[in-house]
Each structure stands twice: as C-alpha cells, then as structure tokens.
Amino acid sequence: MESEKARESGGAETLQGPAPPPSPAEAPAAPRARPRLVFRTQLAHGSPTGKIEGFTNVRELYAKIAEAFGIAPTEILFCTLNSHKVDMQKLLGGQIGLEDFIFAHVRGETKEVEVTKTEDALGLTITDNGAGYAFIKRIKEGSIINRIETVCVGDSIEAINDYSIVGCRHYEVAKMLRELPKSQPFTLRLVQPKRAFGEATRVQGLADMIGQRSRSSKCPMEAKVASGRETLRLRSGGAATVEEVPSEFEEEASQKVDDLLESYMGIRDPELASTMVETSKKTASVQEFARCLDSVLGEFAFPDEFVVEVWAAIGEAREACG
C-alpha cells in the first residue's frame, strides 16, 4: 500500500534525471532530456494506486495497467478518467489530460439475454475500447433493449448467437445488430464490469483523493508540464505526443460529428470524430474531404450523404466559433 499522500495525488508526474555536469566551453551543449509522464491508476472496483508510463496507444496503456496490477490485459473492458463509476461521459478516448487519474474497469459477471427484434433499431449505441472489446455506451429510452432490465450501459458484447465478436470494431458490431432479422429471437452474451463493495465509502474516498489533486504541491517542472491546457494524445501508430487541448471549434465540431456517427451508424467514437475534424482542416471542398476520408478511414465505408452532412456540420461549427 502506498502512503496516504501518494494515494491522494492524482494525474501524471514528470520525472527528470539529475542535471548533467557542466561541459567544457568548446563542447556542444547536451540535448535536454524529455520529461517522462507518469500517470496514476486504480482498478475501478477497488485497488491500491499504481503508476504507469511509456505507452503510445490504448493497447499499450492496457498492458501497462495490467502489469501494474498483475492481471491479463484482456481483463480490462474500458477505462474512465477521474471517476471509478461506469460514466460514459468520463470514458477514456484518444487523449488523456496530464493530471487525469485513470480507472480501469475489469471483467465481472457474464450474462446471456434473449432479444426479439420487433423494430428496425434495438436502441443501442455501441463504442469500443480500442483493444478488441465493443460495449454499450447508450441505451435509448423506450427502446427494445431498454425494456430488458439486465442489459446495462458499460456491458461488453462478447457474442451474438454464440458467434464471438471479440476483436471486432464497434461499427462492425452495430452493423451485425442492424442486419439481424425481425421477429426472430437472438441471444446476446454480455460481460458486465466488476462491481465494487462498500460503494458509499469508496465514492467519498475517491472524491477526496481526486479533489485534492489541484491542491497537491508540485515541483516547478511538474507544474509547467502538467498544466491543465495539455493532454497526452494516443496514436495508433507512432509515439504519443503532448498537445494543447482542443480548441473551441474542434470541440464543437467533434461533438457534432459524434452525434452524426450515432444517428447514421449507431456508434459513439469521440476519437474518430476528432480525426474526421482534423482531416477536414486539410481540405478545401467536400469532394476533397471525401477523398481524404477514404484514404484515412476507408474501412468505415461512409455513405456519401453522411460525408456531406459531416462537412456541413463542421462548417457550422467553424462559423459558430468564429
């Protein structure tokens, strides 16, 4: 167990090695060492605090968390930031604030439910964890799934009619569910996140721990690097980078695109939405935008009308934000 002080301070630390000895005047100056970003993490159902660093994408992040707690990476369903609850507004995407505290939600009980599709839509919004698991991000009120009490937000979809979908992307799972025939029952095998014991006490303890992050003392270098205006951007290829937080336009446009992803495809993916907004900034017309999307995100096979709506939504966000 760590000390109380260690458990109360959250977010990333910056570790800097000792300064090199002075070089002779004629020798070139040694390059300055890049600070290492160290994040604090816990298992959402309860655990000591661990420290992780050196990851560049979500799969590596899960591997580091698993190593810290002695579990398999495949045990982790998803992560939330600064909350141990199954809160889809706190879901970890492609960016982590330098002061964020990471909570890993691991596999709990497995359950099977039988569903009869009486309407075109089941009322599910699907997302995925970037490492092979698709899970339920939203359940529409009054929908078919909403009437099945055992199905909950945060449940990972492991199989459809005994066909394993582990390793499938969220848009693939959403497509499978849309294509299921009406009036024919099917079975969903779901895995729910592991629940915590002593929830009331835990909630207060975690609130105190996270709330004191802003009051914890920082060395000058840590205060400079771990400012609230920077995030660690995780990338599928290449090294993670420290970047400024998204601008007002980028946040507004990404939200609009994410809403369109849900209405057209039944998925939520803020990182995908952000990538589409970034792509739009490099193009001058909807035709050029469509070509770039095909080259970058061709596997999604976005329909033409969807691309046109995305381009228009991004334009509206740009005008609204000046």
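Look up a bit, the structure's there.
Computed from a prediction, not measured in an experiment: that's the story for all the values here.

Some details on the overall build of the protein
Alright, step 1. Helix and strand counts for the protein come out as 9 helices and 13 strands.
Alright, step 2. Expressed as a percentage of its 322 residues, the buried residues of the protein come to 45%.
Alright, step 3. Considering only intrachain contacts with a sequence separation of at least 6, the fraction spanning at least 24 residues in the protein is 64%.
Alright, step 4. A total accessible area of about 16700 Å² is found for the protein, and carbon and sulfur atoms account for 51% of it.

Some thoughts on the side chain of threonine 279
Alright, step 1. Inspection of the secondary structure assignment puts threonine 279 in helix α7 (residues 270–280).
Alright, step 2. Those residues within four positions of threonine 279 in sequence are excluded, and the remaining contacts are Phe289, Cys292 and Leu293.

Comments concerning the packing of helix α6 (residues 248–265) against helix α9 (residues 304–320)
Alright, step 1. It is the contact of α6 with α9, at a shortest axis distance of 8 Å, that shows an interaxial angle of 155 degrees. By the angle class used here, α6 and α9 are roughly antiparallel. By crossing handedness, the relation of α6 to α9 is classed as right-handed. Contact residues: Phe249, Glu252, Ala253, Lys256, Val257, Leu260, Leu261 and Tyr264 in α6; Glu305, Phe306, Glu309, Val310, Ala313, Ile314, Glu316, Ala317 and Arg318 in α9.
Alright, step 2. Looking at the contact of α6 with α9 residue by residue, the class counts come to 11 nonpolar, no polar and 6 charged.

Description of the packing of aromatic side chains
Alright, step 1. Inspection of the entire model under this criterion finds 8 aromatic pairs.
Alright, step 2. Relative to tryptophan 311, the ring of phenylalanine 289 lies with its centre 5.3 Å away and its plane at 40 degrees, an arrangement referred to as tilted. Taken together, the residues span a long stretch of sequence, with phenylalanine 289 in helix α8 (residues 286–297) and tryptophan 311 in helix α9 at a distance of 22 residues.

Remarks on the nonpolar core
Alright, step 1. By size, the foremost hydrophobic cluster in this structure holds 46 residues, and its most contacted members are Val115, Ile157, Leu177, Leu188, Met276 and Phe302.
Alright, step 2. Residues within four places of leucine 188 in sequence aside, it is in contact with Lys111, Glu112, Val113, Val115, Ile157, Ala159, Ile160 and Leu177.
Alright, step 3. Formed by 28 residues, the second largest nonpolar core is a distinct cluster that contains Phe55, Ile65, Leu81 and Tyr133.

Brief notes about a negative patch on the surface
Alright, step 1. A surface patch of like charges, here negative, comprises Asp294, Asp304, Glu305 and Glu309.
Alright, step 2. Sorting elements by how many residues they give to the negative patch places α9 first, with 3 residues.
Alright, step 3. Tracing the sequence through the fold places aspartate 294 in helix α8.

Structural notes on the pattern of salt bridges
Alright, step 1. Considering all chains together, one arrives at 17 salt bridges under this definition.
Alright, step 2. Arginine 189 is the salt-bridge partner of glutamate 158, the closest N and O atoms lying 3.0 Å from each other. One end of the pair, glutamate 158, is in strand β9 (residues 156–160); the other, arginine 189, is in strand β11 (residues 185–193), with 31 residues separating them in the sequence.
Alright, step 3. Relative accessible area serves as the criterion here: at 21%, arginine 189 is assigned to the partly exposed category.
Alright, step 4. Between glutamate 278 and lysine 281 there is a salt bridge, and its shortest N-O distance comes to 3.2 Å.
Alright, step 5. Here the salt bridges share partners, and the residues they tie into one network are Arg138, Asp258, Asp259, Glu262 and Arg268.

Quick notes on unusual backbone geometry
Leaving glycine out, the prevailing phi sign among residues is negative, and the prevailing peptide bond configuration is trans.
Alright, step 1. Of note in this structure, serine 183 is not a glycine but carries a positive phi near 65 degrees.
Alright, step 2. Along the chain, the position of serine 183 falls in the loop between α3 (170–179) and β11.
Alright, step 3. Residue serine 183 is classed as exposed on the basis of its relative accessible area, which comes to 62%.
Alright, step 4. Within the chain, alanine 301 stands out as a residue other than glycine whose phi angle is a positive 50 degrees.
Alright, step 5. Along the chain, alanine 301 falls in the loop between α8 and α9.

Quick notes on the rules
- Residues numbered from 1 in each chain as written.
- Predicted model: local features only at pLDDT ≥ 70, side-chain atom pairs only at ≥ 80, totals over all residues.
- Heavy atoms only, no water.
- Helix = DSSP H or I, 4+ residues; strand = E, 2+ residues; numbered from the N terminus.
- Buried < 20%, exposed > 50% of the residue type's maximum accessible area, 1.4 Å probe, protein only.
- Contact = heavy atoms within 4.5 Å.
- Areas by Shrake-Rupley, 256 points an atom, 1.4 Å probe, with all protein chains shown as cover.
- Axes fitted to C-alpha atoms, helices over the stretch in contact; angles between N-to-C directions.
- Parallel < 35°, antiparallel > 145°, perpendicular 65-115°, else oblique.
- Left-handed = near helix turned anticlockwise from the far one by under 90°.
- Nonpolar A, V, L, I, M, F, W, Y, C, P; charged D, E, K, R; others polar.
- Phe/Tyr/Trp six-rings, centres within 6.5 Å; stacked < 30°, edge-to-face > 60°.
- Core = buried A, V, L, I, M, F, W, Y, C linked by side-chain atoms within 4.5 Å.
- Patch = residues over 30% accessible without salt bridge, like charges linked within 9 Å, V, L, I, M, F, W, Y side chains within 5 Å.
- Salt bridge = Lys/Arg side-chain N within 4 Å of Asp/Glu carboxyl O.
- Lys, Arg positive; Asp, Glu negative; His and termini not counted.
- Charge placed at Lys NZ, Arg CZ, Asp CG, Glu CD.

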